[in-house]
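Descriptive structure summary
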Amino acid sequence: MIGGVFSMSSTRKLRDNDYKEIPYSVCSKLNDRELKFARTMMFTVEEINRDTKLLPGVSLGYRLYNGCGSENLIRAAIEAVTIEDTSGCNGQIQALLGHSSSGVSEDINIILSPLSIPQVSHLSTCACLSDKRLYPTFFRTVPSDRFQIIALVQLMKYFNWRWVGVIYSVGLYAETGVAELTKEAKKEGICVEYTLPFSKTSTKRLTDIVDSLRTSSSKVVLLFMSFYYTKLFLSKMENYNISGKQWLGSESWIMQEQLASVERKNILQGAMGFALPEASIPGLGDFLLSLKPSDEPNSTMIKAFWEKFFDCSFSPSNGSTLCTGSEDLRTVHSDYTDVAQFRPENNVYKAVYLVAYALHALLQCTNGSNPTTGKPCVNKNGVEPKLVLEQMKYVNFTTPNGAKVFFDENGESVAQYDLVNWQMTDDGSVKIVNIGQYDTSFPEGKKFKLKDDTEVVWGGDSEEIPRSVCREPCPPGTRKALNKFKPVCCFDCFECPEGTISNQTNSLECLTCPPEFWPNEKKDQCLPKPTEYLSYKEIMGALLTGFSCVGVFLSLLTSIIFLTHKETPIVKANNSDLSFLLLFSLKLCFLCSLTFIGRPSEWSCMLRHTAFGITFVLCISCVLGKTIVVLMAFRATLPGSKVMKWFGPTQQRLSVLTFTLIQVLICIIWLTVNPPFPKKNMKYYKEKIILECALGSAVGFWAVLSYIGLLALLCFILAFLARKLPDSFNEAKLITFSMLIFCAVWIAFIPAYVSSPGKFTVAVEIFAILASSFGLLVCIFVPKCYIIIFRPERNSKKHLMGKIPPRTL
């Protein structure tokens, strides 16, 4: 015997009779869906009894009870457990089916648990009922709201709805569901902007809900209510112009087409939610539609439904239509006659089969013991509810319509849902379209999926997926920072500091680029740093190259002029050998500046400094030689002086060679010990690399410069002392000017060299080389060339001799 408790009368009115009698409640307003559940239970029992393989030799019976309100339903459950049966069956029920409400099922199980009577609910979804410590005899063939909550959270995550509002009804079902939703949403980084309770009596709560819907920034609203509360809520919301929201619904109302109307289109258009999966139960539709009052002649409930369906009466009065009992239910449109698909009815179907398979397993006997539990065999007269309860924990079967049924340790079955979408028309009718599935039996990551070929209608008059976030994700190039005074979804975005990047959305930290890389403008990737060096292609490099070439050309031109006029007095009088050597060294000085331009390499770094040092020493040595010659020439004009014999042409060449070899020796030691080398300087500029020649040994570099400076200073002093000597064309004075320019340039070079960054350091060095070289060329040779070309009359021995005063003793 199986018991069933249903609320075929769903509304209760309390009558107090002015305190003259004990108050009592009257049940009214018939519930078509609950009648459908009860009739589905009857159909399933009859189908099982026709099956020769399931429970052979045993027939199932049922006792169905109706009630409304918790007290009435609990009383019905107690009656189902305690009433004596007179039909010849075992009077005690072995299991109780029901109820649809989680709150009622909780109350019933508190009574059944001490009696060890199993209870199977087809529609009580509250996650709280999974606690086996409180409800040890409770089972259900409908998924727990916990799975629905997880599915809803996965739906929000899939569409990136990170900022949602929740409206729920007061009661165990909704309050527990919302608490579970808030917890699961937090795990996935989804924030609940508000959770507002709805009460059918509180006007203030309704006002709060309306205000929140109008002012909140979240575009997605979850309506977590039972069907009864949802219908009441929507009827009240018709009076307010609420639009622009994407509504999500709980399983309890999302398939109820009767909620649709023209006035509710702005709310329900595009609504989404998870519904129990669609199922086919062969024969059930015909069974439901074949109902006649004559099948249950003693049932006042069936007659009441019949009168409701056909708007007639079996006891006509006041002109009402007479019910004949032969009317056709196929002409009626109601929840009961909707047999196109079975969703919650399939859970009733599975619940009855659950009891049957548990009984079947209990009655099995192999070698004197039960194959499932290993305990002694039980015959059909020894069946007790607690034994059926024990077998229910181990059942694993497939119903005739292909549904798999088994339970985990919490009495939960596999959760399967259809994701449905409300697509409403202008006349207020609705088409509820299946657009996806959620199945917990699938592997992680594949439990939820959308259908590819289904058109989805979105809420809020949106043609695209609505955006519902408290803050748009932090783009690459920024980092995400949580604000402890705001929900986790309302974070702040800060631009990555200099030298760092973030290449992912909502990155929690910025990554430092490697030393040779630098962030791009968006700071979302590290790019190789641009390299900087003095190139021939840039303007500064091209200008310096041009000046170097001009210097070489002028030196060559001067050499040609001197060479073509080498027999003239002015060339002879100014020591032609040293002049030609000086011009040659000046060409080298101009050319060595070119080694400083271009990408530094190992050879160019060593060449540029050594070539510079040696050529300049050669140049200064020649000038120094010319200066000494001037001084010696004056001493030689004195009577009896033999000075020029000690500093003749051979000695002059040797002095130049000696001075130059000393510099060559310094350069060889420098290159041997610690030569210059190419270096990537990443310290001066953060965003680019300076390619430069490191000095290697700073001592070697400054030794080269110091030696050049020492020779230049010596040359300057000697020339200064000889500036007023009566030499031909006063060459000592010209050398003094050239050395003055030379020294001034290189004294100014030192601070400029030290303080200039990158390629400007090289440019300063080249400028110093060119300026000092041009100074020597212009001061020493230009006056002579001027006389040779433009004043040839002055290029005569007579003219030269006329400038020399008589020798004095």
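Here the structure is shown first, and the text comes after it.
Note that the coordinates shown come from a computational prediction; the quantities given were computed from them, not determined experimentally.

Strand order across the open sheet formed by 8 strands is β9-β8-β10-β11-β12-β15-β16-β17, with mixed pairing between neighbours. Edge positions in the open sheet fall to β9 (191-198) and β17 (448-450), since each of these has one partner strand only. When strand polarity is set aside, the average angle formed by the axes of neighbouring strands in this sheet is 25 degrees. In the sheet, strand β12 (residues 272-275) pairs with strand β15 (residues 416-424) via 4 bridges, with the strands oriented antiparallel. When the bridges of β15 are listed, Ala275 appears paired with Asp418. The strands touched by helix α6 (residues 203-215) are β8 (163-169), β9, β10 (220-224) and β11 (246-249); relative to β9, the strand with the most contacts, the crossing angle is about 150 degrees.

Judged by nonpolar contacts, the single largest core of 95 residues is most densely connected at Trp161, Phe274 and Met392. Ranked by residue count, the leading element in this core is helix α11 (residues 344-362), at 11 residues. The next biggest cluster of nonpolar side chains, apart from the first, holds 64 residues, and it includes Phe612, Leu624, Ala719 and Phe742.

This part takes up α6. Since the α-helix turns once every 3.6 residues, residues separated by three or four places project in the same direction. Here α6 contains 13 residues, and its C-alpha end-to-end distance of 18 Å stays within 8% of the 18 Å for a straight helix at 1.5 Å per residue. In this structure, the buried side of α6 is in contact with β8, β9, β10, α7 (227-237) and β11.

So, on to the sheet that holds strand β26 (residues 689-694). With respect to topology, 3 strands assemble into an open sheet ordered β24-β26-β25, the strand pairing being mixed. In this open sheet, the two edge strands, each paired with only one partner strand, are β24 (531-532) and β25 (677-681).

Another aspect to go through is the pairing of β9. For a regular strand, the rule is simple: side chains alternate between the two faces of the sheet. For β9, a buried count of 6 out of 8 residues is recorded, marking the element as mostly surrounded by other parts of the structure. Bridge analysis of β8 against β9 gives 7 bridges, and the strand direction is parallel. Looking at the pairing, Ile167 lines up with Leu196 of β9. In terms of handedness, the path from β8 via helix α5 (residues 172-187) over to β9 forms a crossover that is right-handed.

Turning our attention to the state of the cysteines. Following the criterion strictly, the structure yields 9 disulfides and no others. Covalently, Cys605 is tied to Cys693 through a disulfide, its sulfur atoms 1.9 Å apart. Judged by the torsion about the S-S bond (-80 degrees), the Cys605/Cys693 disulfide is left-handed. Pair noted here: Cys605 is in helix α16 (residues 602-636) and Cys693 is in strand β26, with a separation of 88 residues, a long-range link. Here Cys605 and Cys693 have matching classes, each one buried. The thiol of Cys619 is not disulfide-bonded; the next cysteine sulfur, from Cys589, is found 4.6 Å away. Judged by its relative accessible area of 0%, Cys619 is buried. Counting only cysteine sulfurs, Cys619 is the nearest neighbor of Cys779, a cysteine outside any disulfide, at a range of 12 Å. The exposure class of Cys779 is buried, given its relative accessible area of 14%.

Mapped onto the elements of the fold, Pro443 is located in the loop between β16 (430-439) and β17. For Pro443, a relative accessible area of 52% corresponds to the exposed category. Taking C-alpha positions, Pro443 is 28 Å from Ala271, a pair spaced 172 residues apart along the chain.

With that out of the way, let us pick up the pattern of salt bridges. Scanning all chains against the criterion turns up 20 salt bridges. Between Lys157 and Glu188 there is a salt bridge, and its shortest N-O distance comes to 3.0 Å. Here Glu188 lies in the loop between α5 and β9 and Lys157 lies in helix α4 (residues 145-158), a separation of 31 residues in the sequence. Classification of Lys157 by relative accessible area gives partly exposed; the value is 36%.

Pairs of aromatic rings are described using the distance from one ring centre to the other and the angle between the two planes. For the structure shown, the criterion picks out 28 aromatic pairs. Where Phe159 meets Trp458, the ring centres are 5.1 Å apart and the plane angle is 85 degrees; that geometry is what we call edge-to-face. Of this pair, Phe159 sits in the loop between α4 and β8 while Trp458 sits in the loop between β17 and β18 (478-481), placing them 299 residues apart in sequence. When sorted by exposure, Phe159 lands in the same class as Trp458, which is buried.

Let us now look at the packing of α6 against α7. For the pair α6 and α7, interaxial distance at closest approach is 12 Å and the crossing angle is 65 degrees. Classified by the interaxial angle, the pair formed by α6 and α7 is roughly perpendicular. Helix-helix and strand crossings are classified by hand; for α6 and α7 the assignment is right-handed. Packed against α6, whose contacting residues are Leu206, Ile209, Val210 and Leu213, the element α7 presents Phe233, Lys236 and Met237 at the interface.

Bringing unusual backbone geometry into the picture now. In terms of backbone geometry, most residues other than glycine have negative phi values and most peptide bonds are trans. In the segment running from Gly98 into His99, the intervening peptide bond is cis, with an omega of 0 degrees. Within the element layout of this structure, His99 appears in the loop between β5 (95-97) and α3 (102-112). A positive phi angle, close to 55 degrees, is found at Leu55, a residue other than glycine. Along the chain, the position of Leu55 falls in the loop between α1 (32-50) and β4 (62-66).

This brings us to the side chain of Gln423. Inspection of the secondary structure puts Gln423 in strand β15. Here the side chain of Gln423 touches Asn421 through a polar contact of 3.1 Å, side chain to side chain. Of the polar contacts made by the side chain of Gln423, one reaches the backbone oxygen of Glu455; its length is 2.9 Å. If near-sequence neighbours (up to four positions away) are discounted, Gln423 is found in contact with Gln269, Ser429, Val430, Lys431, Val433, Glu455, Val456 and Val457.

Taken together, the side chains of Val550, Phe553, Leu554 and Leu557 define a hydrophobic patch exposed on the protein surface, amounting to about 330 Å² of accessible area. Here Leu554 is to be found in helix α13 (residues 539-564).

Rules used in this analysis
- Residues numbered from 1 in each chain as written.
- Predicted model: local features only at pLDDT ≥ 70, side-chain atom pairs only at ≥ 80, totals over all residues.
- Heavy atoms only, no water.
- Pairing = 2+ DSSP bridges.
- Helix = DSSP H or I, 4+ residues; strand = E, 2+ residues; numbered from the N terminus.
- Axes fitted to C-alpha atoms, helices over the stretch in contact; angles between N-to-C directions.
- Contact = heavy atoms within 4.5 Å.
- Core = buried A, V, L, I, M, F, W, Y, C linked by side-chain atoms within 4.5 Å.
- Buried < 20%, exposed > 50% of the residue type's maximum accessible area, 1.4 Å probe, protein only.
- Expected span 1.5 Å × (residues − 1).
- Right-handed = clockwise from strand over helix to strand, strands pointing away.
- Disulfide = S-S within 2.5 Å.
- Salt bridge = Lys/Arg side-chain N within 4 Å of Asp/Glu carboxyl O.
- Phe/Tyr/Trp six-rings, centres within 6.5 Å; stacked < 30°, edge-to-face > 60°.
- Parallel < 35°, antiparallel > 145°, perpendicular 65-115°, else oblique.
- Left-handed = near helix turned anticlockwise from the far one by under 90°.
- Polar contact = N/O pair within 3.5 Å; in protein donor to acceptor, adjacent residues only side chain to side chain.
- Patch = residues over 30% accessible without salt bridge, like charges linked within 9 Å, V, L, I, M, F, W, Y side chains within 5 Å.
- Areas by Shrake-Rupley, 256 points an atom, 1.4 Å probe, with all protein chains shown as cover.

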